[in-house]
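As a plain string of letters, each chain reads:
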Amino acid sequence: MLGQDPAEVQAMKDYFAEAEIPYTGRELHSLWAYRNHGVQGDSIIAFIGPCDVPTEALVDEADRKDGAYIRSERMLHFIVEHFDRDLEKAILRQLLLVSLTQAEINGRLTGRAVERRGDDLFCEERKLSVSIATLSPVSSMIHLGLNVSAAGAPVAAVGLDDLGIEARPLGESVLEAYARVCMNLEMMKSKVRGVE
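Each residue is numbered by its place in its chain's sequence as written, counting from 1. With pLDDT at 70 or above as the cut-off, local features in this predicted model cover only qualifying residues; side-chain atom pairs require 80 or more to be listed or tallied, and sums for whole chains, interfaces and linings still use all residues. Side-chain descriptors were evaluated using all non-hydrogen atoms of the structure, hydrogens and water having been removed beforehand.

Caption draft 1: Structural context of the pattern of salt bridges. Just to be clear on terms, a salt bridge is a Lys or Arg side-chain nitrogen sitting within 4 Å of an Asp or Glu carboxyl oxygen. Tallied over the full model, the rule gives 14 salt bridges. Two residues, R64 and E61, come together in a salt bridge whose shortest N-O distance is 4.0 Å. Remark: E61 and R64 occur in helix α3 (residues 61–65); sequence separation between them is three residues, near one turn of the helix. Given the relative accessible area of 34%, R64 is considered partly exposed. The classification of residues rests on relative accessible area computed with a 1.4 Å probe and restricted to protein chains. Under 20% of the type maximum is buried, over 50% is exposed, and intermediate values are partly exposed. Using a relative accessible area of 44% as the deciding quantity, one classes E61 as partly exposed. Strands are runs of DSSP state E lasting at least 2 residues, helices are runs of H or I lasting at least 4, and numbering of each runs from the N terminus.

Structural data, given as structure tokens:
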């Protein structure tokens with residue numbers, strides 16, 4: 001049989017890229033994980049790198065109209081791809097990912113906490129994250145970026161460095177948590193009977 005085992009393609013995969021990768025918004029496109037990292041199927045990929053998304057590259061049309069842009073000297077990024085095209089489900093997955101990330105961060109903090117407001121994370125009124133969910137021609141996609149350094153951000157921001165949290169271990173924990181929830185969901189879907 002050529003290629004990956006079909007069961008492996010169907011399972012939710014997680015991968016932390018070793019190389020530093022700048023995020024410009026162009027990375028949020030279908031099959032990015034497969035083309036760049038050989039990870040085929042539903043996946044969550046993490047990497048660290050600077051972020052510079054100009055206004056014209058923003059997916060959020062309200063932010064584009066406001067002339068917003070995203071910039072950070074260094075971020076921990078997550079790109080998620082699921083091979084279905086349901087925007088409402090993608091947004092719910094986005095909220096799940098942000099909530100799991102919040103829990104992982106708060107589990108590492110003492111004396112203060114990160115708060116979730118919609119799909120954004122804040123600490124003491126300073127913004128920690130950026131996030132978007134959208135559709136590609138063949139999939140649903142999510143990007144979540146956490147400031148490692150708040151330098152260069154266009155808003156009042158905080159970084160993981162300010163919180164005393166190492167990006168790589170946090171990223172690995174978030175990858176594992178999201179993949180585990182997705183796998184558990186598949187198991188739960190396959191064990192219940194329908195009702196009349």
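Okay, back to it.
Caption draft 2: Quick peek at the sheet that holds strand β5 (residues 120–123). Think of it this way: DSSP has to see at least two bridges between two strands before they count as a pair. Ordered in space as β4-β5-β6, the three strands form an open sheet in which the pairing is antiparallel. In this open sheet, the two strands that pair with only one neighbour each are β4 (115–117) and β6 (126–127). Of the pairings in the sheet, the one linking β4 to β5 comprises three bridges and is antiparallel in character. Counterpart to R116 in the pairing with β5 is L121.

Caption draft 3: Expanded view of the pairing of β5. Along β5, one buried face is formed by D120 and F122 and the opposite face, lined by L121 and C123, is buried too. Adjacent in sequence and paired antiparallel, β4 and β5 are bridged by two residues, among which G118 carries a positive phi angle near 65°. For β5 and β6, the ladder comprises two bridges, and the chain directions are antiparallel. Bridge pairing in β6 links F122 to K127. In textbook terms, the turn of a hairpin is the stretch between consecutive antiparallel strands, and for β5 and β6 this stretch comprises two residues, one of which, E124, has a positive phi near 50°.

Caption draft 4: Broad picture of the sheet that holds strand β1 (residues 13–16). With respect to topology, five strands assemble into an open sheet ordered β1-β2-β3-β8-β7, the strand pairing being mixed. If you trace the sheet from one side to the other, it starts and ends with β1 and β7 (129–135), each paired once. Neighbour to neighbour, the strand axes of the sheet diverge by 25° on average, direction disregarded. Bridge count for strand β2 (residues 43–53) against strand β3 (residues 70–82) is ten bridges, and the pairing is antiparallel. Bridge pairing in β3 places G49 opposite M75. To get an axis, a line is fitted to the C-alpha atoms, and for a helix only the part in contact is used. The angle between two axes follows their N-to-C directions and goes from 0 to 180 degrees.

Function cannot be inferred from these measures alone, as they are strictly geometric.
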